[in-house]
Amino acid sequence: MTLDTRSTRPGPTPAATRVPTPVRPAYKKRMRLADTLQTLCVTSVALVIALFLADGGAADFGTAADTLTSIGIVTGLVGSDLLLVMMLLAARLPPIDRAFGHDSAMALHQQLGKPALYLLLGHAVFLIGGYAAAENVNVFAETWSMFGSLPDMPLAFLGLALLMAVVVTSLVVVRRRFRYEAWHAVHLLGYLAVLVSIPHQLSVGGLLAEGTIARYYWLALYLGVAAAIVTYRFVVPIVRSLRHRLVVDRVERIAPGVASLTLTGRALNRLRADGGQFFIWRFWSHGLWWQAHPFSLSAAPTNDSLRITVRALGDASADLPSVARGTRVSFEGPYGIFTDRARTAPHLVLVAAGIGVAPIRSLLESADFAPGGATVLLRSHSVGDSYLSTEIIELCQRRGAELRILAGQRPPRGGSWLPADAAAARITLATLVPQLRYSDVYVCGPRRFTDAVVRDARSAGLPTRQIHYERFDW
Ligand SMILES: Cc1cc2nc3c(=O)[nH]c(=O)nc-3n(C[C@H](O)[C@H](O)[C@H](O)COP(=O)(O)OP(=O)(O)OC[C@H]3O[C@@H](n4cnc5c(N)ncnc54)[C@H](O)[C@@H]3O)c2cc1C
């Protein structure tokens, strides 16, 4: 291992970091917001069950047929409510991003996919079973008669089929076989699935009958979610892109297959972007305009410029270094809570590998710390092959952060994030950073690397709130 320690102030642990300080108010505020949103989510599920009970649902469990039908109605209501929650989680609403971060919101969105689908499949199965039992026919005859006699049912079945396609293509093993754009196109069918299922909810059964409060509530839910999606996924990004007029100003190739792109625009401080955040960018040039990709800021944002550093991993990222100066750029964002605002402890530890150095560098530049208050750990195969290392060394010297370059091959086994000889010598995050307990650790790099650093931090006893990571995959 090469353990190259460059520091302006490696010295002893600063006095301020020896005693745990109270959790920062910003963190408490974020947790309050997260609690409120979670309560709203649980309340929305409770409310749809209340709608069923208020309609006399509790009395509808007398016969086997009624019981099946009632279970079918409840599973349908709760499943549809969860679908709406999932759509909100993906709608990039500022309060959701502030409370959970884009990563966690999308992870929750993904986790809810299967339960929502199972509930809606249950809705179809129980209702068909209930109606068949009531009419004393078999389930196939009942399904066929539903298709023929209820005009909105074919659309409802189409919605269910589309939803199944969306959930199946989102299973990790299946998803990996798709290009991102292909997967995303299938995923968008989820919106169509929800849309085509609405008519049968309003026309079949009495719960959401015309003139009832339940119907107004249900419609308000759908309209609210639709308004949130249109506003935050379309209107806000379009307005911001037009207002800030971003263009490519400079492209600098910093290593084979890696380039930094500086984008200039107007009044960028109004975006209130922070070092460590990412945007979803669309470059309006030939071959690139039809796809949008997330890239993190690799420098602290200024009032007239933003910078990203891109590693070629596929067609778009390989083409980006060739975009012409003056190319228009539209964007969604800023997103994410991989920022100093999420910090809870006095000391800052930044750990990066590969292109993960991009958000780490902007975080280092913009984070609030006194000299001696931050440690940067750069992991690479050999000293000098970290991207942006010259800038990071200069920033560490200027800001008084301790820098450790951890260079060397990975151990063949064991899942350590450290070079083989460091892992063999049982060096850990806690050995490298004596004040780890009083630190917030920010990690960005390849998935296995990030997982290993997070494991190391957890086994050193660091609570979840002090561990932050950004994943570059979907
Ligand atoms: C929050 C976040 C921040 C990122 N920041 C950076 C950064 O600062 N620098 C950098 O070089 N890379 C970053 N990435 C990764 C970058 O988005 C992908 O490398 C890029 O989108 C690849 O696109 P492509 O067309 O070149 O490759 P493709 O061949 O389309 O894909 C290559 C890989 O990139 C991923 N990918 C593709 N499109 C997307 C998308 N729209 N959303 C999420 N993942 C996608 C897929 O996992 C795929 O395996 C970030 C990713 C995320 C999710």
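None of these values were measured; they are calculated from a predicted model.

Thoughts on the overall build of the protein chain
From N to C terminus, the protein chain includes 14 helices and twelve strands. Seen along its three principal axes, the alpha-carbon backbone of the protein chain occupies a region of about 80 × 50 × 40 Å. Among the 474 residues that make up the protein chain, the fraction classed as buried is 48%. Summarising the internal contacts of the protein chain: among those between residues at least 6 apart in sequence, 74% fall at separations of at least 24. Of the accessible surface of the protein chain, which amounts to about 22700 Å², a share of 62% is contributed by carbon and sulfur atoms. Each charge class in the protein chain can be summarised by its mean position, and for the 47 positive and 33 negative side chains these summaries are 8 Å apart.

Considerations on the pattern of salt bridges
A complete count under the given rule lists twelve salt bridges for this structure. Put simply, Arg179 and Glu181 hold a salt bridge, and the shortest N to O gap is 3.0 Å. For Glu181, a relative accessible area of 18% puts it in the buried group. Of the charged contacts, one joins Asp274 and Arg341 as a salt bridge, the two residues approaching to 2.6 Å between their closest N and O atoms. With a gap of 67 residues between them, Asp274 in the loop between strand E3 (258-264) and strand E4 (278-283) and Arg341 in the loop between strand E7 (328-335) and strand E8 (347-353) connect regions that are remote in the sequence. Residue class for Arg341 comes out partly exposed when judged on its relative accessible area of 44%. Residues joined by salt bridges that share partners form a network here, namely Arg307, Arg361, Glu365 and Glu391.

Quick look at the domain arrangement of the protein chain
When its domains are assigned, the protein chain resolves into domain 1 (2-23 + 343-470), domain 2 (26-239) and domain 3 (245-335). In this assembly, eight residues from domain 2 lie in contact with ten residues from domain 3. Summing the contributions of domain 2 and of domain 3, the shared interface buries around 730 Å²; its carbon and sulfur component is 52%. Taken together, the connections running from domain 2 to domain 3 amount to two salt bridges. Put simply, Glu332 and Arg92 hold a salt bridge, and the shortest N to O gap is 2.4 Å. Put simply, the parts of the chain that give the side of domain 2 that touches domain 3 at least two residues each are helix H3 (94-135) and helix H8 (213-244). Sort the elements by how many residues they give to the side of domain 2 that touches domain 3 and H8 lands first, with three residues.

Quick look at a nonpolar patch on the surface
Taken together, the side chains of Val230, Phe234, Val235, Ile238, Val239 and Leu242 present a nonpolar region at the surface, about 540 Å² in accessible area. Following the sequence through the fold, Val230 ends up in helix H8.

Points about the environment of Leu195
Secondary-structure assignment places Leu195 in helix H7 (residues 180-203). For the pair formed by Leu195 and Gly159, sequence separation is 36 residues and the distance between their alpha carbons is 7.8 Å.

Here we look at the nonpolar core
One recurring pattern in soluble globular proteins is that nonpolar side chains are buried together. Residues Leu83, Ile96 and Trp218 are the most contacted members of the largest nonpolar core, which totals 43 residues. If you list the elements that add at least two residues to this core, you get helix H1 (25-54), helix H2 (64-89), H3, helix H5 (153-170), H7 and H8. When residues no more than four places from it in sequence are discounted, the contact partners of Trp218 are Val48, Leu77, Ser80, Asp81, Gln201, Leu202 and Leu208. Formed by 28 residues, the second largest nonpolar core is a distinct cluster that contains Leu348, Leu363, Leu395 and Leu403.

A closer look at the packing of H1 against H3
Direction vectors running N to C along H1 and H3 enclose 120°, while the axes themselves pass 8 Å from each other. Considering how the two elements wind past one another, H1 and H3 form a crossing that is left-handed. On the side of H1, the interface is formed by Arg30, Leu33, Ala34, Leu37 and Gln38, while H3 contributes Pro95, Ile96, Arg98, Ala99 and Phe100. Here the contact of H1 with H3 is built from residues that sort into seven nonpolar, one polar and two charged.

Considering unusual backbone geometry
Looking along the chain, the bond that leaves Gly333 and enters Pro334 is cis, with omega of 5°. Secondary-structure assignment places Pro334 in strand E7. For Arg426, which is not glycine, the phi dihedral falls at a positive 60°. Checked against the element boundaries, Arg426 lands in the loop between helix H12 (420-424) and helix H13 (429-432).

Rules used throughout
Residues numbered from 1 in each chain as written. Predicted model: local features only at pLDDT ≥ 70, side-chain atom pairs only at ≥ 80, totals over all residues. Heavy atoms only, no water. Helix = DSSP H or I, 4+ residues; strand = E, 2+ residues; numbered from the N terminus. Buried < 20%, exposed > 50% of the residue type's maximum accessible area, 1.4 Å probe, protein only. Contact = heavy atoms within 4.5 Å. Areas by Shrake-Rupley, 256 points an atom, 1.4 Å probe, with all protein chains shown as cover. Lys, Arg positive; Asp, Glu negative; His and termini not counted. Charge placed at Lys NZ, Arg CZ, Asp CG, Glu CD. Salt bridge = Lys/Arg side-chain N within 4 Å of Asp/Glu carboxyl O. Domains from an automatic or database assignment. Buried area = accessible area lost by both parts, 1.4 Å probe. Patch = residues over 30% accessible without salt bridge, like charges linked within 9 Å, V, L, I, M, F, W, Y side chains within 5 Å. Core = buried A, V, L, I, M, F, W, Y, C linked by side-chain atoms within 4.5 Å. Axes fitted to C-alpha atoms, helices over the stretch in contact; angles between N-to-C directions. Left-handed = near helix turned anticlockwise from the far one by under 90°. Nonpolar A, V, L, I, M, F, W, Y, C, P; charged D, E, K, R; others polar.

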